[in-house]
Number of protein chains: 2
Amino acid sequence: MLGLLREPHSGYDIKKHFEQSLRNFWQAELSQIYPLLQKMEAEGLVRSRHGASDIGPTKRIYKRAQKGTKELHRWLEEGPIIGKDRISYLAQVYFLADLDDIDKAISYMKSLRDEITKKVAALEIIESNWRSNDTRYPNDLADEEFYPHLTLALGIKRLGATGEWCEDSLRKMQVRRRWTNAKRSQL
Amino acid sequence: MLGLLREPHSGYDIKKHFEQSLRNFWQAELSQIYPLLQKMEAEGLVRSRHGASDIGPTKRIYKRAQKGTKELHRWLEEGPIIGKDRISYLAQVYFLADLDDIDKAISYMKSLRDEITKKVAALEIIESNWRSNDTRYPNDLADEEFYPHLTLALGIKRLGATGEWCEDSLRKMQVRRRWTNAKRSQL
DNA sequence: GATGACATGTAAACTGTTACATGATTTG
DNA sequence: CAAATCATGTAACAGTTTACATGTCATC
């Protein structure tokens, strides 16, 4: 939130940012955003003023205060925060054996692959649009756009790797299915 | 938790599992595990009995009930849960421009690369130990071990891709630094 | 007998989601 | 004027972490 509030934005605007550029690695609901903005204002990290909307009712526009910038920089200079990412679908994969049904496991993996494929395609469209709308993309972008580009690039790379893993896994699982069927027909 | 409780375990044992094989995609504290076990028992998903420990005080041993197995299978058959993973360090990367200091940004990325390198090395050691202790690894493993192997393989693959992205990003950033310095010396 | 690992829990604080509630403004 | 979007919020619940509290058993 502090990062986004380098430029003035309303809570509603912030939600749009979460839905657009940040959605690959962070999300937040309006019901979390509004109280947090109020809390941050009480703490002196941001300041608000009223602003007219181009379209729709008036907004409350927040912007980072000096204290907020200091806090943001402190967070950035702490170094990378890693190691706490949860991946729900991996928890499911981990326990697929419990179904004791290789066909169900394979169809699980296929639908995972399909979802991943969709997501990577969506990111690639974002990137190709960016590329065609800005001749500076990617290496001559201003810093404010270059770092977001890096996060997009990682999103594409990771999802691509995940898609390949799905295909690898499917191949391994299909081999196991043949094995199982061979055994069964021996009975 | 239901997945793990196919075999009987105490809360303390479950914590060990989270610290070992599941740590790459899921974690939980004892203070979350114990109340949850109690809640699940009240709901009839698991049953508990007392059990002696090899070492240390007696344990409360939980095991999945039929209802728990049903619930686990329902969850698995729902299909993949995706799209809500948060990656804190990407939020940091996104806003690195705010520091307005390419050297700080580069040292951020270097320390990210170092952390990723460490993690991938740790996973590779787990895998190579597994491989040397079990000749069936990976394709002839029993299902109960094969699916955990898949999650380990994805962990390695994703971290590897992330490490490559760090190196790519560092190269791009170093080019930008030279650019900035060239500009500065023109003044 | 001190230390550390084993073992189980509670309380308070914090974080996040879902549901509810309200109302303004724009567009068809 | 109906529906969609814009805009801001609260309340209840669910999930998670940190700190606190207690006690057992094995090893040095």
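Below is a summary of the structure that appears in this document. (Residues numbered from 1 in each chain as written. Chains lettered and ligands numbered in written order. Predicted model: local features only at pLDDT ≥ 70, side-chain atom pairs only at ≥ 80, totals over all residues. Heavy atoms only, no water.)

On a plain count of helices and strands, chain A comes out with 6 helices and 2 strands. For chain A, the α and β elements follow one another from N to C terminus as α-α-β-β-α-α-α-α. Whereas a compact globule of 187 residues would reach a radius of gyration of roughly 16 Å, chain A reaches 23 Å, over 25% beyond that. In terms of principal-axis extent, the alpha carbons of chain A reach across some 75 × 40 × 40 Å. Expressed as a percentage of its 187 residues, the buried residues of chain A come to 43%. Taking all contacts inside chain A whose residues are at least 6 apart in sequence as the whole, residues at least 24 apart take part in 49%. Of the roughly 10400 Å² of accessible surface on chain A, 51% is carried by carbon and sulfur atoms. If the 32 positive side-chain charges of chain A are averaged to one point and the 27 negative ones to another, these points end up 3 Å apart. (Helix = DSSP H or I, 4+ residues; strand = E, 2+ residues; numbered from the N terminus. Rg over C-alpha atoms; globule rule 2.2 N^0.38 Å. Buried < 20%, exposed > 50% of the residue type's maximum accessible area, 1.4 Å probe, protein only. Contact = heavy atoms within 4.5 Å. Areas by Shrake-Rupley, 256 points an atom, 1.4 Å probe, with all protein chains shown as cover. Lys, Arg positive; Asp, Glu negative; His and termini not counted. Charge placed at Lys NZ, Arg CZ, Asp CG, Glu CD.)

This part covers the side chain of Arg64 of chain A. Within the fold, Arg64 of chain A resides in strand β2 (residues 59-64). With relative accessibility at 10%, the residue Arg64 of chain A sits in the buried group. Engagement of the side chain of Arg64 of chain A in a polar contact is seen with the backbone oxygen of Leu2 of chain A, the distance being 2.8 Å. Side-chain polar atoms of Arg64 of chain A contact the side chain of Asp98 of chain B, separated by 2.8 Å. Aside from chain neighbours lying at most four places away, what touches Arg64 of chain A is Leu2, Gly3, Leu5, Arg6, Leu45, Val46, Thr69 and Leu72 of chain A together with Asp98 of chain B. (Polar contact = N/O pair within 3.5 Å; in protein donor to acceptor, adjacent residues only side chain to side chain.)

Listed as interface residues are 72 residues of chain A and, on the opposing side, 73 residues of chain B. With both chains or domains summed, chain A and chain B bury close to 7300 Å², and 62% of this area falls on carbon and sulfur atoms. Looking at the side of chain A facing chain B, the largest losses of area belong to Tyr94, Tyr147 and Arg176 of chain A, adding up to 11% of the total buried there. Summed over the shared surface of chain A and chain B, the result is 12 salt bridges. Note that Asp168 of chain B and Lys157 of chain A form a salt bridge whose closest N and O atoms lie 3.8 Å from each other. For the pair chain A and chain B, the interface holds 38 residue pairs in polar contact (both at pLDDT 80 or more). Counting residues per element, the ones that place at least two in the side of chain A that touches chain B are α3 (66-77), α4 (88-94), α5 (102-133) and α6 (143-186) of chain A. Among the elements that make up the side of chain A that touches chain B, the one with the highest residue count is α6 of chain A (21 residues). (Buried area = accessible area lost by both parts, 1.4 Å probe. Salt bridge = Lys/Arg side-chain N within 4 Å of Asp/Glu carboxyl O.)

We now examine the protein's contact with DNA strand D. Neighbouring DNA strand D are 22 residues, the closest being Ser53, Lys59, Arg60 and Arg86 of chain A together with Ser31 of chain B. Backbone atoms, meaning sugar and phosphate, form 67% of the atoms of DNA strand D found within 4 Å of the protein. Side-chain polar atom of Lys16 of chain A to a phosphate oxygen of DNA strand D: 3.2 Å apart, as the coordinates give it. Here Gln38 of chain A contributes a side-chain N or O atom positioned 3.3 Å from a sugar or linking oxygen of DNA strand D. Every element with two or more residues in the surface near DNA strand D is listed here: α1 (11-19), α2 (30-42) and β2 of chain A together with α2 (30-42) of chain B. When residues of the surface near DNA strand D are assigned to their parent elements, the largest contribution, 5 residues, is made by α2 of chain A. Broken down by class, the residue content of the surface near DNA strand D amounts to 8 nonpolar, 9 polar and 5 charged. (Near = heavy atom within 4 Å. Nonpolar A, V, L, I, M, F, W, Y, C, P; charged D, E, K, R; others polar.)

Another aspect to go through is the packing of aromatic side chains. Applying the stated rule across the entire model yields 8 aromatic pairs over all chains. Look at Phe25 of chain A and Tyr94 of chain B: their rings are 5.9 Å apart centre to centre, the planes differ by 55 degrees, and that puts the pair in the tilted class. Of this pair, Phe25 of chain A sits in the loop between α1 and α2 while Tyr94 of chain B sits in helix α4 (residues 88-94), placing the two residues on different chains. The residues Phe25 of chain A and Tyr94 of chain B share a single accessibility class, namely buried. Ring centres of Trp130 of chain A and Tyr137 of chain A lie 4.9 Å apart, and the angle between their planes is 45 degrees; this geometry places the pair in the tilted category. Grouped by ring-pair contacts, the aromatic residues Phe25 of chain A together with Tyr94 and Phe95 of chain B constitute a single cluster. Lying over the aromatic face of Phe146 of chain B, Arg176 of chain A brings its terminal NZ or CZ to 4.0 Å of the ring centre. (Phe/Tyr/Trp six-rings, centres within 6.5 Å; stacked < 30°, edge-to-face > 60°. Lys NZ or Arg CZ within 6 Å of the ring centre and 35° of its normal.)

Take the packing of α5 of chain A against α6 of chain A next. All names here are of chain A. Running from N to C, α5 and α6 point in directions that differ by 155 degrees, and their axes come no closer than 9 Å. Between α5 and α6, the angle is such that the two are roughly antiparallel. In the crossing of α5 with α6, the sense of the turn from one axis to the other is left-handed. Per-class residue counts for the contact of α5 with α6 are 18 nonpolar, 7 polar and 10 charged. (Axes fitted to C-alpha atoms, helices over the stretch in contact; angles between N-to-C directions. Parallel < 35°, antiparallel > 145°, perpendicular 65-115°, else oblique. Left-handed = near helix turned anticlockwise from the far one by under 90°.)

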